[in-house]
Amino acid sequence: HNAAEKFATTKVEELKVDEGDMVALEGGKLSDMVFITVANEQLVECRRVLKYSYAFGFIILGNGKQSIQKEVFEHHQAMLEGFTEQLSGQTELPKDE
């Protein structure tokens, strides 16, 4: 998740620089660009949470121990992974979609 977080961070920086140019050149709406920028910022945060959640789960919840807390944590972690991938896919769609 570290590499994906770096990629998303770079994309956010590129979007902030290109925001004005893209609106002017493509006749787009500034609100659309702001939405995409915010979505990419959220993607960075999701990747950061996932990156540290593996260590948290291992250290705090223990390795090899089965408990209801661990199962719930892993379920939420899997949900965040899925939603993060969905958001990532949406932000990488061509502009006309």
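Before any of the text, the structure's been laid out above.
What counts, and where the lines are drawn
- Residues numbered from 1 in each chain as written.
- Predicted model: local features only at pLDDT ≥ 70, side-chain atom pairs only at ≥ 80, totals over all residues.
- Heavy atoms only, no water.
- Helix = DSSP H or I, 4+ residues; strand = E, 2+ residues; numbered from the N terminus.
- Buried < 20%, exposed > 50% of the residue type's maximum accessible area, 1.4 Å probe, protein only.
- Expected span 1.5 Å × (residues − 1).
- Salt bridge = Lys/Arg side-chain N within 4 Å of Asp/Glu carboxyl O.

K.L.:
In this structure, what is going on with the environment of I36? I would like to understand it.
P.N.:
The residue I36 is located in helix 2 (residues 30-61) in this model. Taking the relative accessible area as the measure of exposure, I36 reaches 27% and is therefore partly exposed. On a C-alpha basis, the gap between I36 and E92 in space is 9.8 Å, while along the polypeptide they are 56 residues apart.

K.L.:
How should I be thinking about helix 3 (residues 68-91) in this particular structure?
P.N.:
Three or four residues apart is the spacing at which side chains of an α-helix point the same way, because the helix has 3.6 residues per turn. The terminal C-alpha atoms of helix 3, which comprises 24 residues, lie 35 Å apart, in line with the 34 Å expected from a rise of 1.5 Å per residue. Taken together, the buried positions of helix 3 are K70, F73, Q77, T84, S88 and T91.

K.L.:
Help me out: how do you make sense of the pattern of salt bridges in this one?
P.N.:
A pair can form between side chains of opposite charge whenever their charged atoms are brought close. One pass over the structure, following the stated rule, counts 2 salt bridges. For the salt bridge of R48 with E45, the shortest nitrogen-to-oxygen distance reads 2.7 Å. With R48 and E45 both in helix 2 and 3 residues apart, this pair spans about one turn of that helix. For R48, a relative accessible area of 31% translates into the label partly exposed.

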